[in-house]
Every structure is written in C-alpha cells, then in structure tokens.
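For reference, the chains in residue letters:
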Amino acid sequence: MKLRTIGRQVSIAALALAAFATGARAAENECVGKVPVIRVIAQPILTIPFLDKNKGEFEKKWSTKVDIQQFGENERRAKSRLDASQGAGAYQVYYIDEANVAEYATNKWVLPLLDLMPKDWDWNDFLEGRRAVATYKDVAYFAPFEGGGDVMMYRKDLLAAKGLQPPKNLDELKKVVAALNDPPNVYGWSARGRRGSGMNVWRWTPFFRAMGGQWFDGDKPAFNSDIGVKATQYYLDLFKFAPPGSGTNTWSEVIEGFRGGQVGLIVESDVFGPWAEDKTKSRIAGKVGYAPPPEPLPSAGFAHGFAISSKGNPTDCSKTVSADFVAWSTSKDMEARKVKAGILSDFARKSTLDNPDFKAQVNPDYIKALLDTAPKTDLLIWKSPLWPEVGDDLGLQLEEVFTGSQTDIKQALDDAADQASEAIKRAAGQ
Amino acid sequence: MDTADLQAEPSGKLLPRGRFARLALGPPLALLVLMSLPPTIGALLLAFRNVSLMSPGSRWVGFANFARMLTDRRLHNALRISLLWEVVTVAGAVVVAVLLSVLIFESIKGRARDVICLALILPILLPRVSAGLIWRFMYSPLMGVVNYPLQLVGLPPVEYLSQPGTALYAVAVVDIWQWGLFFAVIMLKLLETLPASPLEAARLDHASTWGVHWFVSLPMLRPALITMLFVKAVESLRSFDLIYTMTNGGPGIATETLDLYAYQTGIGMSGRISYAAAMSVLLLILSTIAFSVLWKRSQRWSA
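Because the structure is a prediction, the values reported are computed rather than measured.

Visitor: So what exactly am I meant to see when it comes to the overall build of chain A here?
Guide: Within chain A, the secondary structure is distributed over 18 helices and 15 strands. Computed over its C-alpha atoms, the radius of gyration of chain A comes to 24 Å, within 12% of the 22 Å expected for a compact globule of 430 residues. Evaluated residue by residue, chain A yields a buried proportion of 50% over its 430 residues. Counting contacts in chain A only where the partners sit at least 6 residues apart, residues at least 24 apart contribute 76% of the total.

Okay, structure coming up:
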C-alpha cells in the first residue's frame, strides 16, 4: 500500500515535471513574434558592434527587433541606473560591470541569471574570476563577455636600447619609467587621471592595496590613512613622466598614447593587450612585452556583461526573449566567432583559451603574462551598493590632486572620506 | 475708440487691441505654462524630500537639502564658476561680434561679404557636442593643432583643458567661437540697415572709423545689442553639453557649473535626486532674480 502510494506520488511528480518542461518549450514557441523589440543598453567595446552586426539571426529566430544603444561608460552607468531605479523599464537588457553589480542585485533591478539561462549555455565554462565578479551573495546576476585583470605592457625595443630590464617592483618601476622618459619623443609612463570609480580610482587602487591600504576600518572610511597618502604620492610622482594633459586621461587616452608610440610603459587592464598588437591601429605592434604588474601590485579584476532587467521584462515572453539574447550573445559559439573575426580582447570563457584560433592569433608572451598574473587578480574595490558614489567622490578628489588644483593629498582624501561617511549615514537613515 | 486700437478679424471686422493680444498670446502662454509648471512643481516637491536613485523609499526632510548647500564647498565653487562662465561668454561673444562686424562692414563689400557671412554662420550650425569633441582634439597637447605652432618653435605644449587655470577659458573660446561669429553676422546686417546720413555726417566731422561706430552706429543699435546680451546670457546658462563633452567639469571642479554639478549629483553616480532638485530650484531663483533686475535696468539703458 505504502509502496503503491510512493509509486503514485513519483508518477505524479514525473508527470508534473514533464508537463512543466513541455510547458516551458511551448512558452518559448508561443513567444515568437510576441515581443516586438528588446532594447539593450551598452558601451562601445569591440563585442557590441559585432553583436549589432550579427543580431539579424537572433531577430529572425524570435521575430523581434534588437535595439542596441551605445553610450560612453559613465553615461551608460547613469542612464541604466536612472532607468532601473525609476522603474521605467525602457531597457530589457543592461550592460553591467563589477562596479554596479552589488547595487543592482541589492535593489533587485536585475533578475537572477541562472534560472533563465538554457542548460547548454554552461555557466561553469566561464573563467572563475569572471564568475566571481558577476556573482553577488552567491547568486549570479550577469553573463560576462569581457573581463580580466591587469598586465604591465612595455616597449621591448626602448628598454633594450637603454639596456633596461622590465621592472619587478615599485622601486624599479619608478627608475625604469624615468630612464625611458625622453619628451617630446617618448614619455616613460601614462595612467588614468580622469575622475570616476572606474577611471582614476580603478588604476590607483592597486597601488593603494599594494601598500596595505584598506577601504574601511569597521564602519569608518580608512582610505585617508597614511597609506592612502603614500599611494597617492607615488601615483602622482609617476605623472612626472607622463605626457602633458595626463592628469585628466581616460583609459582610452592612455591606450592611444601607448599604441601611438608616445609612451614607454603602462600598467593597464589586460584586455588592451590585443589592442596594442592590432597592426591596423597600432604603431608598436610586435614591439610590446608583457609581464605581471611589478610587485607588490595586485591585479584589479573586472568583468563586463549582460543582465536581465526586472522592470524591463514584465511578461514571461519578454523574459524568455531577453534571456535568450543574453545566452546567444555570451555563448561558446559567439566567443569562437568573435575570435575568428579577430576580436581577441573580449572573452570570458575557459574554452576560448583552448581555442586554436585564439592561440594562433595571440602573442604567447601575452598569454603567459595573463596566466602569471591570474593568481594575484582579485576584485579590489569596495563591494557595496554605495561604491559608485564613494568611488566617484574619491575620483574627483584624486583628479584635483593629479591636476594640481589640490596640493594637500591628506586633505583631499579626508574630504573623500567625509563624503563616504555621509553617504553611509544617509543610506542607513533611508 | 481710436481705429489704431483695432485689429482686422478674418471676417473683416475689427477687434479691440486688448482682445486681439489676449487671443494671440493666450494659447502659446497656456502651452508654456502647461509645459513649464509640472517640472517646476516636481522639482520643488523633490527638493523637500530625500529621494535617491539608490533606494526606493523617501521621506519629507523640510529644508535639509537647502541647509546642506550652505556648507557644500563644491556648490559654492559651482556658483562661482557659473557666474564666471556667464561673464566671460556673454562679454566675449558680444565683444567679438561688435569688433568683427565693424571690421567686415568697413573693409569688405559685395559678394565677398556674403561668403564671409556664410562662413561665420557655420560654427553655430555645428551641434554643441560635435563642436566640443572637435575642439577637445584640437586642444590635445600631443596631437592638437592649437599646440602645433608652439611645438614648431620648440616650446612645450600647453595643457589647455588639463590645467585648472586655463580649462574654463579654453571651453569659453569654443562657446564664443560659435556664438560670437553668429552674432557678428547679425550685427553686420543691422549695421547695413542703419541710415547712411548720420555716419556720413560724423565722417565729415573727421571722426575716426572706430569713433563713428562707437559714438554713432553702436548707440543706434543699443536695443538690439541689449537683446543680444539677454539671448546670450540665457543661452550661456545652458552650456551643459559643451562643458560636459570637453572637460566633464574638470580638471577637478575647475569647470563645474551649477547645472553640471546638479547632473553629477542627481543623475551621475551619487543618484541624490532631491539634492540635485534643490540645486535646480536655487538656480531657478537666482537666474529669475538676476534677469528681472537686468531687465529693469536694460529698459533704462535702451531709453
């Protein structure tokens, strides 16, 4: 009797599961032509124009128009946050990154990802570092298509001409960039100076953390400590060997200066390695050496990817189509196609590293530097919903220091710490 | 009733002037009120709450946002920069317009003048964002054409947009380049409409060329000049796009005007919508007072 009851229950459960599975497939079929458009907010990294060019196949599958709107990083962040926080739902898919995943997850502006992804999409194929950045409190929120850490890039020819070795530590770094500095022909160094949690703060942070800096001591901001001052002074000293105007550099100006042949050495995000090797745009292709950042600099891990908006997808069909767009655009097949098309900087999957096309096209020194840097790559920013505001306030103070409108580093960091305390208080009181 | 106070109706009947004015002005004024009141009331309501883009809840906080402004160093800087920006761009555009128009009026005639007018109008047709990006590139210390002459003579490049002391003026040059040249064309066309006899009389009295214009033609154009000043002053309050594209308020806060600071606070990373709304209310009040006073004064100057 008991066995029969159990058997009946198992049968009912099996039937229910089968019905659910059939229902899910049916729902997918039912969604064809039901979602006239999905809007995707993005920033123009190489993947995005590639997706835009190939979106026809996705549009055909779902009879849906895909509208990919591209903005600069800060504008993209501001626009998607405005859309999400006001519940406007104008975008169905957000481009998000390490700086805002905590904020979006905490406020439930994006849906947990894995519930909506197809099984064969294979979350475990993504590199551990990318998955860690895309995850907040053990839930994955975005599908990465780009990411990495830092790498030191230097002009092998210039170092060889001066009989220099790539620097292994911060003391050597200063000496090498000073020796390379020969303006106006070539400048020893370049780095981000423009305000922003993802701009100057991002590049300054490894120096701060390398010297033992901590963001907070309990609830109290600690980045205005002596270590913070020392790290800022070191970063500022390096600007003496940078091209004029570097105090307001974005990453784009750093990379263009380097691959334009005007800069001898940089420490930047590793995705820019292939940019320096692009013969159509780089004057220094084939002359670049790669190595992990000098000790004890850690490597700033990051990832960018697509997330599914909660307010932008009010219906099941909208969720299904948006999720399928995310799956399509971050699939193994898409990464392989990007590699074939020569896009070597934007990858997030382990399978891509084993892809023979990738291995054939990428400088082996670069791959070695990536592997050597991996153990010291971590998310170095403060993982909190308040980070964008705190980081931005700090970025403004740093820009004032780098451009000379504030000469008192301690005062600048104190001001940023006061603003951080106020933001925490405000958030607690809300 | 005097017939001068009557206006023709489509049927041929004459309407009293007051009624005609009400009929003509009523619909556009109603539209203006409809379009401007909701955002103004919205900003006012927001300014007394603590709405943030980072969290869904909010509450009434009275004058807390306005009280905070008293100690906000960045806001004080933004007010100072906004005022400086107004003075530099308005004065710069009008001075350039006057000098250039007189120069062209006195030295170039016929078809060449028309061609020059066309060329002078081109910068204003360029979208502000495009103008900002083009000039940002031109100012580049390494690649920009502005620094090229300095490099030719072996001088180090000037970091126009990265130095706190030069950045605002470098952006103002772009604004003046767009508006000053456009106003020069308007001034030139106005000079062409002036009766020739007062100018000839001044010349017969041996007035210099600049004397003729300073003492005769420009006083005759005073109402037009004042209107131009007002138009430019209002326009200069809306230079967000140009400054944002060229410097984003930097270096540091050297070019951060009040509207830019409000944007950074409300829509940028902080997401403090209510504080940004309070700043907008402050800007509204200050500009209303300033323009009312100036308007009153200008009526006296025009007389």
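Visitor: Would you mind showing me how to read the overall build of chain B here?
Guide: Scanning chain B from N- to C-terminus turns up 13 helices and two strands. In terms of C-alpha radius of gyration, chain B reaches 24 Å, well past the compact-globule figure of 19 Å for 303 residues. Once the C-alpha set of chain B is aligned to its principal axes, its extents read approximately 75 × 70 × 35 Å. For chain B, the proportion of its 303 residues judged to be buried stands at 35%. The long-range share in chain B, meaning contacts at least 24 apart out of those at least 6 apart in sequence, stands at 66%.

Visitor: Quick question: what am I supposed to make of the nonpolar core here?
Guide: If you look at soluble globular proteins, the nonpolar side chains tend to sit buried side by side. Core analysis: the biggest nonpolar cluster contains 108 residues, and Tyr141(A), Trp189(A) and Ala307(A) have the highest contact counts within it. By residue number, the principal contributor to this core is helix α18 (residues 409-429) of chain A, which donates seven residues. For this core, the two domains that each supply at least three residues are domain 1 (31-148 + 302-354) and domain 2 (150-300 + 380-429) of chain A. Every residue in contact with Trp189(A), bar those within four places of it in the chain, is listed here: Val177(A), Leu238(A), Phe241(A), Ala242(A), Val263(A), Leu265(A) and Ile266(A). Counting 59 residues, the second largest nonpolar core, distinct from the first, contains Leu75(B), Ala131(B), Leu168(B) and Leu191(B).

Visitor: Could you clarify how one ought to interpret the environment of Leu125(B) in this entry?
Guide: Relative to the assigned elements, Leu125(B) resides in helix α4 (residues 110-125). Placed 140 residues apart in sequence, Leu125(B) and Thr265(B) show a C-alpha to C-alpha distance of 31 Å.

Visitor: Is there a simple way to think about unusual backbone geometry in this case?
Guide: In most cases, non-glycine residues show a negative phi, while peptide bonds are predominantly trans. Omega for the peptide link from Pro183(A) to Pro184(A) comes to 5 degrees, which places this bond in the cis form. Counting through the fold element by element, Pro184(A) comes out in the loop between α7 (170-180) and β8 (187-189). With an omega of 0 degrees, the peptide bond running from Glu295(A) to Pro296(A) counts as cis. Mapped onto the secondary structure, Pro296(A) falls in the loop between β12 (288-291) and β13 (299-300). Positive phi, normally seen in glycine, also occurs at Asn248(B), with a value near 55 degrees. Its location among the elements puts Asn248(B) in the loop between α11 (240-246) and α12 (258-266). A count of 21 C-beta atoms within 10 Å places Asn248(B) in the buried class.

Visitor: For this particular structure, what's the right way to read the packing of helix α17 (residues 387-402) of chain A against α18(A)?
Guide: Packed helices, taken two at a time, are described by the angle between their axes plus the distance between the axes. All names here are of chain A. It is the contact of α17 with α18, at a shortest axis distance of 9 Å, that shows an interaxial angle of 165 degrees. By the angle class used here, α17 and α18 are roughly antiparallel. Along this stretch, α17 crosses α18, giving a crossing that reads as right-handed. Residues Glu-389, Val-390, Asp-393, Leu-394, Gln-397, Glu-400 and Val-401 of α17 touch α18, and the partners they reach there are Ile-409, Ala-412, Leu-413, Asp-415, Ala-416, Gln-419, Ala-420 and Ala-423. Here the residues of the contact of α17 with α18 sort into nine nonpolar, two polar and four charged.

Visitor: What should I look at first to understand the domain arrangement of chain B in this one?
Guide: It is common to give the size of an interface as the accessible area lost on bringing the parts into contact. As far as domains go, chain B holds domain 1 (3-29) and domain 2 (72-302). In this structure, domain 1 of chain B and domain 2 of chain B have C-alpha centres spaced 39 Å apart.

Visitor: Quick question: what am I supposed to make of the domain arrangement of chain A here?
Guide: Residue and element names in this part refer to chain A. Per the domain assignment, the segments making up chain A are domain 1 (31-148 + 302-354) and domain 2 (150-300 + 380-429). Just the C-alpha atoms count here: the centres of domain 1 and domain 2 sit 28 Å apart. Domain 1 puts 14 residues into the contact, and the matching count from domain 2 is 17 residues. For the side of domain 1 that touches domain 2, the secondary structure elements donating two or more residues are α3 (73-85), α4 (101-106) and β6 (143-148). The biggest single contributor to the side of domain 1 that touches domain 2 is α4, with three residues. Grouping the amino acids of the side of domain 1 that touches domain 2 by side-chain chemistry returns four nonpolar, five polar and five charged.

Visitor: Help me out: how do you make sense of the sheet that holds strand β11 (residues 263-269) of chain A in this one?
Guide: Backbone hydrogen bonds hold the strands of a sheet together, and the pairing may be parallel or antiparallel. All names here are of chain A. Taken in spatial order, the four strands make up an open sheet running β8-β11-β7-β12, and their pairing is mixed. The sheet is open, and its two borders are formed by β8 and β12, each paired with just one other strand. Put simply, the sheet's adjacent strands are angled 25 degrees from each other on average, direction ignored. As paired elements, strand β7 (residues 150-155) and β11 share five bridges and run antiparallel to each other. Looking at β11, one finds that Val-151 is bridged to Glu-268. Strand contacts of helix α10 (residues 251-259): β7 and β11, with the helix running at about 140 degrees to β11, the strand carrying the most contacts. Along the sheet, helix α16 (residues 364-373) contacts β7 and β12; its crossing angle with β12, the most-contacted strand, is approximately 20 degrees.

Visitor: Before we go on, may I ask you to explain the pairing of strand β2 (residues 65-70) of chain A in this structure?
Guide: Working note: regular strand, side chains alternate between the two faces of the sheet. Residues and elements named next belong to chain A. As judged from the six bridges shared by strand β1 (residues 37-42) and β2, these two strands associate in the parallel manner. Within β2, the residue paired with Ile-38 across the bridge is Val-66. In this fold, the crossover linking β1 to β2 by way of helix α2 (residues 47-62) has right-handed handedness.

Visitor: In this structure, what is going on with the interface of chain B and chain A? I would like to understand it.
Guide: Counting from both sides, the interface comprises 24 residues of chain B and, opposite them, 27 residues of chain A. Each residue belonging to the side of chain B that touches chain A can be placed in one class, and the counts come to twelve nonpolar, eleven polar and one charged.

Visitor: Whenever I open this one, the environment of Val177(A) confuses me. Can you help?
Guide: Residues and elements named next belong to chain A. Along the chain, the position of Val-177 falls in helix α7. Along the sequence, Val-177 and Arg-283 sit 106 residues apart, while their C-alpha atoms lie 20 Å from each other. Aside from chain neighbours lying at most four places away, what touches Val-177 is Gly-188, Trp-189, Leu-238, Phe-241, Gly-264 and Leu-265.

Visitor: What am I meant to see in the environment of Thr315(A) here?
Guide: For Thr315(A), the location among the structural elements is in the loop between β14 (302-308) and α12 (316-329). Each C-alpha atom, one on Thr315(A) and one on Tyr94(A), is 17 Å from the other, the two residues being 221 residues apart in sequence.

Visitor: How should I be thinking about the confidence of the model for chain B in this particular structure?
Guide: For any part of a model where pLDDT is low, the fine detail of the predicted coordinates should not be relied upon. All names here are of chain B. Chain-level pLDDT for chain B is 89 on average; 94% of the residues reach the 70-or-more range. Per-residue pLDDT, averaged within each element of chain B, yields its smallest value for strand β1 (residues 6-8) (55) and its largest for helix α7 (residues 167-193) (96). Prediction confidence for the complex, expressed as pTM and ipTM, is 0.78 and 0.73 respectively.

Definitions and cut-offs
Counting starts from 1 at the beginning of each chain's written sequence and moves along it residue by residue. Working convention: letters from A go to chains and numbers from 1 go to ligands, in the order in which they are written. Residues qualify for local features only when their pLDDT is at least 70, as the model is predicted, and side-chain atom pairs are given and counted only at 80 or more; totals for whole chains, interfaces and linings, by contrast, use all residues. Segments assigned H or I by DSSP are reported as helices when at least four residues long, segments assigned E as strands when at least two residues long, and all are numbered from the N terminus. For the radius of gyration, the atoms used are the C-alpha atoms, and the globule rule reads 2.2 Å times the number of residues raised to 0.38. With C-beta atoms placed from the backbone, a residue counts as buried when 20 or more other C-beta atoms lie within 10 Å of its own, as exposed when 12 or fewer do, and as partly exposed for counts between those limits. The contact criterion used here is simple: two residues whose C-beta atoms, placed from the backbone, lie within 7 Å are in contact. We call a set of buried Ala, Val, Leu, Ile, Met, Phe, Trp, Tyr and Cys residues a nonpolar core when their C-beta atoms link them within 7 Å. Source of the domain bounds: an automatic or database domain assignment. Angular values range over 0 to 180 degrees, each being the angle between N-to-C directions of two axes fitted as lines to C-alpha atoms, with helices fitted over their stretch in contact. Here the angle decides the label: under 35 degrees means roughly parallel, over 145 means roughly antiparallel, 65 to 115 means roughly perpendicular, and every other value means oblique. The crossing is said to be left-handed when, going from far helix to near helix, the turn is anticlockwise and less than a right angle, and right-handed when the turn is clockwise. For this scheme, ten residues count as nonpolar: Ala, Val, Leu, Ile, Met, Phe, Trp, Tyr, Cys and Pro. Four count as charged, namely Asp, Glu, Lys and Arg, and the remainder, Gly too, count as polar. At least two bridges found by DSSP between two strands are what make those strands a pair. We call a crossover right-handed when, viewed with the strands running away from us, the connection from the first strand over the helix to the second turns clockwise. Residue-level confidence of the predictor is summarised by pLDDT, bounded by 0 at the bottom and 100 at the top.

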